[in-house]
Amino acid sequence: MQNKSIAQLAADLRLRTYSSVELTRHYLERIARLDPRLNSFISVASDAALAAAERADRMIATGDAGPLAGIPIAHKDIFCTAGLKTSCGSRMLDNFIAPYDATVVERLSAAGAVILGKTNMDEFAMGSSNETSYYGPVKNPWDPTRVPGGSSGGSAAAVAARLCAAATGTDTGGSIRQPAALCGITGLKPTYGRCSRWGMIAFASSLDQAGILARSAADVACLLDEMAGFDPRDSTSADVPVPDYVDALDDDIAGLRIGLPKEYFGSGLDDRVARSVHAAIAELERLGASVREISLPNSMLAVPVYYVVAPAECSSNLARFDGVRYGHRCAHPQDLDDLYKRSRAEGFGAEVRRRIMIGTYVLSAGYYDAYYLKAQKIRHLIADDFARAFETVDVIMGPTAPTTAFALGAKLDDPVAMYLNDIYTIATNLAGLPGMSIPVEPVDGLPVGLQLIGNAFAEARLLNVAHRFQQVTHWHQGAPAGFE
Amino acid sequence: MQWETVIGLEIHTQLATRSKIFSGAATAFGAAPNSQACAIDLGLPGVLPVLNAEAVRLAVRFGKAIGASVAHRSVFARKNYFYPDLPKGYQISQYELPIVGEGQVQIVLADGTVKSIGVTRAHLEEDAGKSLHDDRLGGGGYSGIDLNRAGTPLLEIVSEPDMRSPQEAVAYARKIHQLVRWIGISDGNMQEGSFRIDANVSIRPHGQMRFGTRAEIKNINSFRFLERAIQFEVERQIEVLEGGGTLVQETRLYDAERDETRSMRSKEEAHDYRYFPDPDLLPLELDAAFIVDAVADLPELPDVKRERFHTQYDLGEYDASQLTASRELADYFETVARASGEPKLAANWINGELAAALNRAELEIGQSPVSAERLADLLKRILDGTLSGKLAKQVFEAMWSGAGDADQIIEEQGLRQITDSGALETMIAAIVAANPAQVEQYRAGKDKVFGFFVGQVMKESKGKANPQQVNAILKRMLAPSD
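Residues numbered from 1 in each chain as written. Chains lettered and ligands numbered in written order. Predicted model: local features only at pLDDT ≥ 70, side-chain atom pairs only at ≥ 80, totals over all residues. Heavy atoms only, no water.

### Structural notes on helix H10 (residues 372–383) of chain B
Residue and element names in this part refer to chain B. So the rule is basically this: To qualify as a helix, a DSSP run of H or I must reach at least 4 residues; to qualify as a strand, a run of E must reach at least 2; elements of each kind are numbered from the N terminus. Under the convention used throughout, the expected extent of a helix is 1.5 Å for every residue step, that is, one less than its residue count. Classification of residues uses two cut-offs on accessible area relative to the type maximum, computed with a 1.4 Å probe and protein chains only: under 20% is buried, over 50% is exposed, and between them is partly exposed. In this context, the arc is that of the directions from the helix axis out to the C-beta atoms. It only takes one pair of heavy atoms within 4.5 Å for two residues to be counted as in contact.
Its 12 residues place the ends of H10 16 Å apart at the C-alpha level, agreeing with the 16 Å of an ideal helix rising 1.5 Å per residue. What H10 keeps buried is the set Ala372, Leu375, Ala376, Leu378, Leu379 and Ile382. Down the axis of H10, the smallest arc covering the buried residues is 160°, so these residues share one side. Those residues of H10 that are buried lie in contact with helix H8 (327–340), helix H9 (343–361), helix H11 (389–400) and helix H12 (406–412). A positive backbone phi angle near 85° is found at Gly385, which sits one or two residues after H10.

Here you go:
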């Protein structure tokens, strides 16, 4: 059952080949048996999941079931879920239970999806290896000595290990695409504003976007159909019509113009990763696409710009975690300053503290113009690069990450080396554009991701291209040993 | 040395919306602590602000009322600082691009001169909650937080440093208070904190262009305290400078009980607010239609009305400015003026008898037991000679205590003035005849005795004799016989 597509599962459930309760039990059993090797879940909601599955079965029986009725999924622990702990991977929120559902959660539940639990993540989504989680690192199912990528590492590992049919994630600088690449699955970060941010704990508000990690583009499309759309509770969500993503999957891609940014194939990119990416692009040419080299001249400024803008916003967004109303509070505070300092020092891990300090610094009087304002200007230049490129191409492609999954602990003491793992993904967030990662030919048994970047609101096109590729290749079907 | 006082005010006025500026929670005053704070007001993780259009509409009305430009594009920014009653760790405000730009208001000084005070800007922001440091919480160093007020919409109105005395500052603050209530954007209730004033005060030697070092006095909630706080602060600053000391830029608090200001924090301890545009809110773009719609029902503004009262009804600047202190008062006056046909008499009565009675009873004009129509009826009885001024005051008092309308009271209490000259002559002749000694004295040149006769006539007539007629008849009868 765990290898079936969401469309197949939905069809089986409607034919009563098995019930949602059976399917949910199956996944819960796999989580109990296999997740101790991975640590991909922070919370497993067995009872609530089975109750939701029962409801789904009843609705299927009466014929008024939603499109995802009875499909067991997992949510990254950054999405608030009413009545179920939402920790954001942090000690700070180890005791936090939200009184509301995130819009993304609400919409998927309304479509009938069953929530198995909440997945592990880098603390407050800050990290590229899932090693900053208060709940311990997640391991890559393809090689448990290696990282799954981050920050949606728990979602990526859980999907790759077939512990859920699909999972939600968030992507601020690559947090869906990079772990999808490192775990050999399909991940989509939609256009900024495509999915509501309501109830999604903010890291960097102008960059954060909810998305999906699944085993195929078709599965991603099934979830995006339900998640996308305007939300009056989020002023930055886009009031733009939502197409039927599943419908568009089979469109012809003959004549598709692919742009390869020369900056994405320079030094720093592993040769064998480059070879896999080129081979995949050659496959798309055989399907009728044409390829040309393009330039995104400011793309090498993306990482430094990101590490000004994202920490600036995070320093403000995380100010609410002060030990006063909820979350971690230090024992026996002597006075207000002591309450703040110790609650925050104890509640936040090292990477979160580092980014809060960087962000506080770049917003300070006297530094604001030199850092924050300058970064915002370059951000516009980066967006302009993409706008120019999309005048001549339909989709931009390149590697998702410069290497395959690295060893646990390898980059933990070198934040800059860690940050460079997102060198190809960050620009997309700065420009607000949709990006995908799909698995291509592995290197030494480790997954490699091809990144697809589209123009604003071109998710349907990205999913279509990815789906056509997945119909003629089998890389997305590979399962890690022991998790088949 | 001759010192000049320089004052600028920042006024926080609560906008009269039903719900908060970024959430749907109610803004009503006086609810049980934390009963009007939703997830957004509490700053829970993952919540997002959505701007209340009504708050924007009210801000636009203010901008237009002071002749300021209303920004077609303004930006919300985060003002970052930690405090327990600030749930998000930042206040959403406006910084570089406020919704209301430069404008001005006119104040009328005690001597009747009119002075323009510049308004630098006005911007929208959310209020913080309230900290309660109180033994009722069981002591033990605990403080309580009430977040009912968190997220209440405020318009912060920032003036130019144009005021030169505590009295001018009060006149300006009263003017803004009058205006926000006049155009219906705030209830201006100072006890409930709907209108709070911060005063920036500095002094400089007369003739010096450069401003002195200023102190900011925070959170003043009455006009009386404003005047006293500034007065105290000016004296303090003079004392420091004349004693050879130097002033530091600082924030001070006014303690009404001790009538003094105390230092809260110096410039060195001042927060670095790390303002930056709020990424949760898009820039606020207003189209012309929204602005036109927001001001469509703006009433005649107080300055315009004051000027009109001055010219149309021939009232003095002072009377005109008194009568336009609030819309209700101005409407009351116009009703009386029109119905009685005597604007000046109406102005005298409203600024005199009525104002005094309202003051004594601590009532607003809207609560007056004597309606404009009834006051006009009373004035008509003065004009047609039924009542003397003195009798009219008696009738007014009866009307105030609910004895009915003017004609009823005149009838029931027999307060009609005696103008029948035959009756008056008979009465006066009898009095003259009964007091030959006084007649002799008067005729001998003792003019004061005339008053004695008037008193006798009034006593006999129970105060109802028409005073002019009494004078004329007495003069004739007491004149030395040929």
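### Digging into the nonpolar core
All names here are of chain A. Formally: Residue types Ala, Val, Leu, Ile, Met, Phe, Trp, Tyr and Cys, when buried and joined through side-chain atoms within 4.5 Å, form a set referred to as a nonpolar core.
Judged by nonpolar contacts, the single largest core of 162 residues is most densely connected at Phe124, Phe386, Met397, Leu450 and Leu463. Per-element tally for this core: the top contributor is helix H9 (residues 302–317), with 10 residues. Setting aside anything within four residues of it in sequence, one finds Phe124 in contact with Cys88, Ser90, Met92, Leu93, Ile201, Phe203, Leu318, Phe321, Phe348 and Val352.

### Some points on the sheet that holds strand E4 (residues 90–94) of chain B
Note the threshold: At least two bridges found by DSSP between two strands are what make those strands a pair. Where helices are involved, their axes are fitted lines through C-alpha atoms of the stretch in contact, as for all axes, and angles between N-to-C directions lie from 0 to 180°.
Pairing is antiparallel across the open sheet formed by three strands, whose spatial order is E4-E3-E14 (chain B). Of all the strands in the sheet, just E4 and strand E14 (276–277) of chain B have a single pairing partner and so form its edges. When strand E3 (residues 76–80) of chain B meets E14 of chain B, the two strands line up antiparallel, connected through two bridges. Among the inter-strand pairings, Ala77 of chain B is bridged to a residue of E14 of chain B, identified as Pro277 of chain B. Each of E3, E4 and E14 of chain B is contacted by H9 of chain A, which is oriented at about 65° to E3 of chain B, the strand it contacts most.

### What to know about the domain arrangement of chain B
Let me state the cut-off plainly: Segment limits for the domains were obtained from an automatic or database-derived domain assignment.
Taken domain by domain, chain B holds domain 1 (3–294), domain 2 (302–412) and domain 3 (421–478). The centre of domain 2 of chain B, based on its C-alpha atoms, is set 33 Å off from the matching centre of domain 3 of chain B.

### Re the interface of chain B and chain A
Condition: Buried area is calculated as the accessible area (1.4 Å probe) missing from two parts once they are joined, with the contributions of both summed. One side-chain nitrogen of Lys or Arg within 4 Å of one carboxyl oxygen of Asp or Glu is enough to make a salt bridge. Nitrogen and oxygen atoms within 3.5 Å of one another constitute a polar contact, given that in protein one can donate a hydrogen and the other can accept it, and given that sequence-neighbouring residues count only through two side-chain atoms. Polar here means any residue outside two lists: the nonpolar Ala, Val, Leu, Ile, Met, Phe, Trp, Tyr, Cys and Pro, and the charged Asp, Glu, Lys and Arg; Gly therefore counts as polar.
The interface is formed by 30 residues belonging to chain B together with 38 residues belonging to chain A. Both sides together, the interface formed by chain B and chain A hides about 2700 Å², and carbon and sulfur atoms give 60% of it. The residue Asp280 of chain B makes a salt bridge to Arg197 of chain A at a minimum N-O spacing of 3.0 Å. Linking chain B with chain A are 16 residue pairs in polar contact (both at pLDDT 80 or more), by the criterion used here. Elements with a contribution of two residues or more to the side of chain B that touches chain A: helix H1 (39–42), E3 and E14 of chain B. Examining the composition of the side of chain B that touches chain A, we find that three residues originate from one element, H1 of chain B, more than from any other. Tallied by class, residues from the side of chain B that touches chain A come to 21 nonpolar, four polar and five charged.

### Overview of unusual backbone geometry
With glycine set apart, most residues show a phi of negative sign, and most peptide bonds adopt trans. Of note, the bond from Gly150 of chain A into Ser151 of chain A is cis; its omega dihedral lies within 30 degrees of zero at 10°. Here Ser151 of chain A lies in the loop between strand E3 (114–119) and helix H5 (153–160). Not every positive phi belongs to a glycine, and Ala125 of chain A is a case in point at roughly 70°. Checked against the element boundaries, Ala125 of chain A lands in the loop between E3 and H5. Positive phi is not limited to glycine here, since Lys462 of chain B has a value of about 55°. Residue position: Lys462 of chain B is located in the loop between helix H15 (449–460) and helix H16 (467–478). Among the residues examined, Lys462 of chain B registers a relative accessible area of 70% and is labelled exposed.

### Observations regarding the packing of aromatic side chains
We describe a pair of aromatic rings using the distance from one ring centre to the other and the angle between the two ring planes. Here is the rule we go by: Each Phe, Tyr or Trp ring, with Trp reduced to its six-membered ring, pairs with another whose centre is within 6.5 Å; inter-plane angles below 30 degrees give stacked pairs, above 60 give edge-to-face pairs, and intermediate values give tilted ones. A ring is considered to have a charge above it if a Lys NZ or an Arg CZ atom is located within 6 Å of its centre and within 35 degrees of its normal.
The tally for this structure, following the rule as stated, stands at 29 aromatic pairs over all chains. Judged by centre distance (5.3 Å) and plane angle (50°), the rings of Tyr340 of chain A and Phe82 of chain B are tilted. Pair noted here: Tyr340 of chain A is in helix H10 (residues 336–347) and Phe82 of chain B is in the loop between E3 and E4, and the two residues belong to different chains. By relative accessible area, Phe82 of chain B is classed as partly exposed at 30%. Every member of this aromatic cluster is reached through a ring pair, and the members are Phe96, Phe124, Phe321, Tyr326 and Phe348 of chain A. The lysine or arginine in question, Arg37 of chain A, covers the ring of Phe483 of chain A, its NZ or CZ lying 5.2 Å from the ring centre. Seen from the ring of Phe450 of chain B, Lys475 of chain B lies directly overhead, with NZ or CZ sitting 5.4 Å from the centre.

### As for the pairing of strand E9 (residues 153–159) of chain B
Residues and elements named next belong to chain B. Counting buried residues along E9, seven of its seven residues qualify, which places the element largely inside the surrounding structure. Residues Pro153, Leu155, Ile157 and Ser159 of E9 are buried on one face, and the alternating residues Leu154, Glu156 and Val158, pointing to the opposite face, are buried as well. Pairing of strand E6 (residues 114–126) with E9 involves seven bridges; the strand directions are antiparallel. Across the sheet, the residue bridging to Ala122 is Ile157, located in E9.

### Some details on the pattern of salt bridges
Oppositely charged side chains may form a pair once their charged atoms are brought near each other. All names here are of chain B. Following the criterion strictly, the structure yields 54 salt bridges over all chains and no others. Across the pair Arg476 and Glu425 runs a salt bridge whose closest N-O atoms are separated by 2.9 Å. Here Arg476 is found in helix H16, whereas its partner Glu425 is found in helix H13 (residues 421–434), with 51 residues between them in sequence. Overlapping salt bridges bring together Glu300, Lys305, Arg308, Asp331, Glu334 and Arg338 as one network.

### So, the side chain of Asp198 of chain B
All names here are of chain B. Note on placement: Asp198 falls in strand E10 (residues 195–205). Residue Asp198 is classed as buried on the basis of its relative accessible area of 3%. A distance of 3.5 Å separates a polar atom in the side chain of Asp198 from a polar atom in the side chain of Lys218. Side-chain polar atoms of Asp198 contact the backbone nitrogen of Asn219, separated by 2.8 Å.

### Some words on the packing of helix H2 (residues 53–65) of chain B against helix H5 (residues 288–295) of chain B
Residue and element names in this part refer to chain B. The criterion, for reference: Each angle receives one of four descriptions, namely roughly parallel if under 35 degrees, roughly antiparallel if over 145, roughly perpendicular if within 65 to 115, and oblique otherwise.
Their axes nearest at 9 Å, the elements H2 and H5 cross at an angle of 75°. Put simply, H2 runs roughly perpendicular to H5. For the pair H2 and H5, the contacting residues are Ala53, Val56, Arg57, Val60, Arg61 and Lys64 in the first and Phe290, Ile291, Ala294 and Val295 in the second. For the contact of H2 with H5, the per-class residue count stands at seven nonpolar, no polar and three charged.

### Notes on helix H11 (residues 350–362) of chain A
All names here are of chain A. Taking 1.5 Å of rise per residue, 13 residues should cover 18 Å, and H11 covers 18 Å from first to last C-alpha, within 8% of that figure. Looking at H11, one finds that the buried residues are Glu351, Val352, Arg355, Ile356, Gly359 and Val362. Taken around the axis of H11, the buried residues stretch over an arc of 135°, which confines them to a single face. Away from its buried face by more than 90 degrees, H11 exposes Ala350 and Met357. Among the structural elements, H9, H10, helix H12 (369–389) and helix H13 (415–419) are those in contact with the buried residues of H11.

### A short note on a negative patch on the surface
All names here are of chain A. What counts, and what does not: Patch membership needs two things, relative accessible area over 30% and no salt bridge, and members are linked within 9 Å if like-charged or within 5 Å if nonpolar (Val, Leu, Ile, Met, Phe, Trp, Tyr). Per-residue and other accessible areas follow the Shrake-Rupley method at a 1.4 Å probe size, with only the shown protein chains counted as cover for residues. Positive charge is attributed to Lys and Arg, negative charge to Asp and Glu, and no charge count is given to His or to the chain ends. By convention, the charge on Lys lies at NZ, on Arg at CZ, on Asp at CG and on Glu at CD.
A surface patch of negative charge is lined by Asp244, Asp247, Asp250, Asp251 and Asp252. Among the structural elements, Asp251 can be located in the loop between helix H7 (217–227) and strand E7 (257–261). Accessibility expressed as a relative area gives 40% for Asp251, which makes it partly exposed.

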